[in-house]
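Breakdown of the fold
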Amino acid sequence: MAILNLLVDGQFHSGEALGASLGISRAAVSKQMSVWRDLGVELDVVRNKGYRLRQPFELLDETRIRSHLKPSVQAMLQGFILKQETTSTNDELLRQLKAGCSHLLCLAERQTAGRGRRGREWVSPYGCNFYGSFSWTFERGFGALEGLSLAVGVAVARALKSYGVEHVGLKWPNDLMIGPRKLGGVLIEVQGEGGGPCDAIIGIGVNFWLSPAHEAGIDKEVVSLYRYFGDAVRRNELAAGIINEVVLLLSEYEADGFASVVSEWRQLDVYRGQRVSITQHQGVIEGVAEGVDESGALLLRVDDGLLHIAMGEVSLRAVSHV
Ligand code: BTN
């Protein structure tokens, strides 16, 4: 990682200078650079100038993140795992749960098998974005978790707004949006008995910076904060902002459920009043989105009345007007 720390200023550094700073040969520098390239780090290599990060970024740093965490949040988190690479931060915490550990946070610089809802891949290149998961035990069982992913969306939106992303919105059930483009998402995986306590892994992905090549590999319209701000994101500060809001939300949710944030969710709803189509196992239904009920189900106005659509494996799309 040291070599990337020398490049985060976005300037060119010669192989010789990098080697001298690290006490290694130019050949060893070149070898390390090809490892980073294989990991998806985009580097410019120019004769007589050296190496430069195509998009300078701030590496995640536990001490810097912790310096922005609220004391109450630090107290609630029983562990903080920061991985350079993992299959998925959700997988890391599922393994920890099997070992009996909960109330943990896992962040990663890169995921090799990041996953989204409905079995989709979550594109997770090194150093560009936010990939984080929380494990949490809920005493009230599965039934109480129906609105959890919507509530977590509200928490992440709060963090993004206080960072200056004023136009962030939510798309039912759990997408973070800027206008019609997807900025991030929430994936919750639950373990436990129907009635008794259960453990949830709450995975969050937010696009801080995606290269044109990564964007092109995603089959929907996406946006990253870099495109929005035109500047590199202070990743440690924003990561801490997300962690603060999510941990506070999780403890609030345990007590009050989705009801405590339902009106905020409605204000962030980007599809309210729009004609949408809902794809379920049984087929496609079209109607007008009228927000959500107190449990987090989507309210869909159809010819016969108002449907309450529970989350499950469904997806929502805008219907384009002709
Ligand atoms: C979605 O919108 O489909 C949900 C995306 C969730 C992605 C995050 S990134 C951190 C965590 N680890 C994963 O493998 N997925 C979630």
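Residues numbered from 1 in each chain as written. Predicted model: local features only at pLDDT ≥ 70, side-chain atom pairs only at ≥ 80, totals over all residues. Heavy atoms only, no water.

**Some remarks on the overall build of the chain**
Basically, it comes down to this: A helix here means a DSSP run of H or I that spans at least four residues, while a strand means a run of E at least two residues long, and both kinds are numbered starting from the N terminus. The globule rule used for comparison is 2.2 Å times the number of residues to the exponent 0.38, while the radius of gyration itself is calculated over C-alpha atoms. Burial classes follow relative accessibility: with a 1.4 Å probe on protein chains only, a residue under 20% of its type's maximum area counts as buried, one over 50% as exposed, and anything between as partly exposed. In this analysis, two residues are considered to be in contact whenever any of their non-hydrogen atoms come within 4.5 Å of each other. Each accessible area is a Shrake-Rupley result for a 1.4 Å probe, and residues are judged covered by the shown protein chains and nothing else. Note on charges: Lys and Arg go in the positive column, Asp and Glu in the negative column, and His and the chain ends are not counted at all. Here the site of a charge means NZ on Lys, CZ on Arg, CG on Asp, or CD on Glu.
Looking only at helices and strands, the chain has 11 helices and 14 strands in total. What you see for the chain is a C-alpha radius of gyration of 21 Å, in line with the 20 Å of a compact globule of 322 residues. Its C-alpha atoms put the chain at 70 × 50 × 35 Å along the principal axes. Counting only residues that meet the buried cut, the chain has 50% of its 322 residues in that class. Of all intrachain contacts in the chain linking residues separated by at least 6 positions in sequence, the fraction that spans at least 24 positions is 65%. Carbon together with sulfur atoms contributes 49% to the accessible area of the chain, which is approximately 14600 Å² in total. For the chain, the distance from the average site of its 33 positive side-chain charges to the average site of its 38 negative ones is 6 Å.

**Remarks on a positive patch on the surface**
Going by this rule: The patches reported here contain residues having more than 30% relative accessible area and no salt bridge. Joining distances are 9 Å for like charges and 5 Å for nonpolar side chains (Val, Leu, Ile, Met, Phe, Trp, Tyr). Any carboxyl oxygen of Asp or Glu that lies within 4 Å of a side-chain nitrogen of Lys or Arg is treated as forming a salt bridge with it.
A surface patch of positive charge is lined by Arg 118, Arg 120, Lys 220 and Arg 317. Mapped onto the elements of the fold, Lys 220 is located in the loop between helix 8 (212-216) and helix 9 (225-229).

**Section: the state of the cysteines**
Structurally, a disulfide amounts to a covalent bond that connects the sulfur atoms of two cysteines. Convention followed: Cysteine sulfurs are considered disulfide-paired once they come within 2.5 Å of each other.
For the structure on display, the rule yields zero disulfides. Summary of cysteine pairing: Cys 101 is not part of a disulfide, and the nearest cysteine sulfur, belonging to Cys 106, is at 13 Å.

**A word on the pairing of strand 11 (residues 283-292)**
As a reminder, the rule being used: When DSSP finds two or more bridges between two strands, those strands count as paired.
Sheet topology places strand 10 (residues 275-280) next to strand 11; six bridges connect them, and they run antiparallel. Along strand 11, the bridge assignment pairs Val 276 with Gly 287. The antiparallel pairing of strand 10 with strand 11 creates a hairpin that spans two residues between the two strands. Judged from the three bridges that link them, strand 11 and strand 12 (residues 298-302) form a sheet pairing that is antiparallel. The residue of strand 12 that forms the bridge with Val 292 is Leu 298. Two successive antiparallel strands, strand 11 and strand 12, enclose a turn made up of five residues, where Gly 296 displays a positive phi of approximately 100°.

**Things to note about the pattern of salt bridges**
One pass over the structure, following the stated rule, counts 19 salt bridges. Between Glu 264 and Arg 158 there is a salt bridge; the shortest N-O distance is 2.8 Å. Residue Glu 264 is found in helix 11 (residues 262-268), and its partner Arg 158 is found in helix 7 (residues 148-163); the two are separated by 106 residues along the sequence. The partly exposed category is assigned to Glu 264, whose relative accessible area is 25%. What makes Arg 158 partly exposed here is its relative accessible area of 22%. Salt-bridge contacts for Lys 171 lead to Asp 175; the nearest nitrogen and oxygen are separated by 3.8 Å. Several salt bridges converge on common partners, so that one network encompasses Glu 42, Asp 44, Arg 52 and Arg 54.

**Quick word on the sheet that holds strand 3 (residues 79-83)**
Let me state the cut-off plainly: A fitted line through C-alpha atoms serves as each axis, taken over the contacting stretch for helices, and the angle formed by two N-to-C directions is quoted from 0 to 180°.
Judged by pairing direction, the sheet is mixed, and its seven strands sit side by side in the order 3-4-5-9-8-7-6 without closing on themselves. The open sheet is flanked by strand 3 and strand 6 (168-171), the only strands paired with a single partner. Geometrically, the sheet is characterised by an average inter-axis angle of 20° between neighbouring strands, direction not taken into account. By the bridge criterion, four bridges tie strand 4 (residues 104-108) to strand 5 (residues 130-138) in an arrangement that is antiparallel. Paired with Leu 107 across the two strands is Gly 132, which belongs to strand 5. Here helix 6 (residues 89-98) sits on the sheet in contact with strand 3, strand 4, strand 5, strand 8 (181-192) and strand 9 (198-206), set at roughly 150° to strand 4. Packing of helix 7 onto the sheet brings it into contact with strand 5, strand 6, strand 7 (175-178), strand 8 and strand 9, and relative to strand 9 it is tilted by some 40°.

**Describing the side chain of Thr 137**
Stated precisely, the cut-off is as follows: Any pair of N or O atoms that falls within 3.5 Å is considered a polar contact. Within protein, one atom must be able to donate a hydrogen and the other to accept it, and sequence-neighbouring residues count only if both atoms are side-chain atoms.
Along the chain, the position of Thr 137 falls in strand 5. A distance of 3.0 Å separates a polar atom in the side chain of Thr 137 from a polar atom in the side chain of Ser 102. Setting aside residues no more than four positions away along its own chain, Thr 137 makes contact with Ser 102, His 103, Pro 197, Cys 198, Asp 199 and Glu 254.

**A short note on the pairing of strand 13 (residues 305-309)**
A regular strand carries its side chains on alternate faces of the sheet. Where strand 12 lies against strand 13, five bridges are found, and the strand directions are antiparallel. For Arg 301, the partnering residue across the bridge sits in strand 13 and is Leu 306. Linkage of strand 12 to strand 13, two consecutive antiparallel strands, is achieved through a turn of two residues.

**Observations regarding the site of the ligand**
What counts here: Neighbouring residues are identified by heavy atoms, a residue being near a molecule or strand if any of them is within 4 Å of it.
Residues in close proximity to the ligand total 19 residues, the closest being Ser 88, Gln 111, Arg 115, Arg 117 and Lys 182. Separating an oxygen atom of the ligand from a side-chain N or O atom of Ser 88 is a distance of 2.8 Å. Taking Thr 89, its side chain carries an N or O atom lying 3.2 Å from a nitrogen atom of the ligand. When the free accessible area of the ligand is taken as 420 Å², the share hidden by the protein chains comes to 97%. Breaking the shell around the ligand down by element, the ones donating at least two residues are helix 6, strand 5, strand 8 and strand 9. Among the elements that take part in the shell around the ligand, strand 8 stands out by supplying four residues, more than any other.

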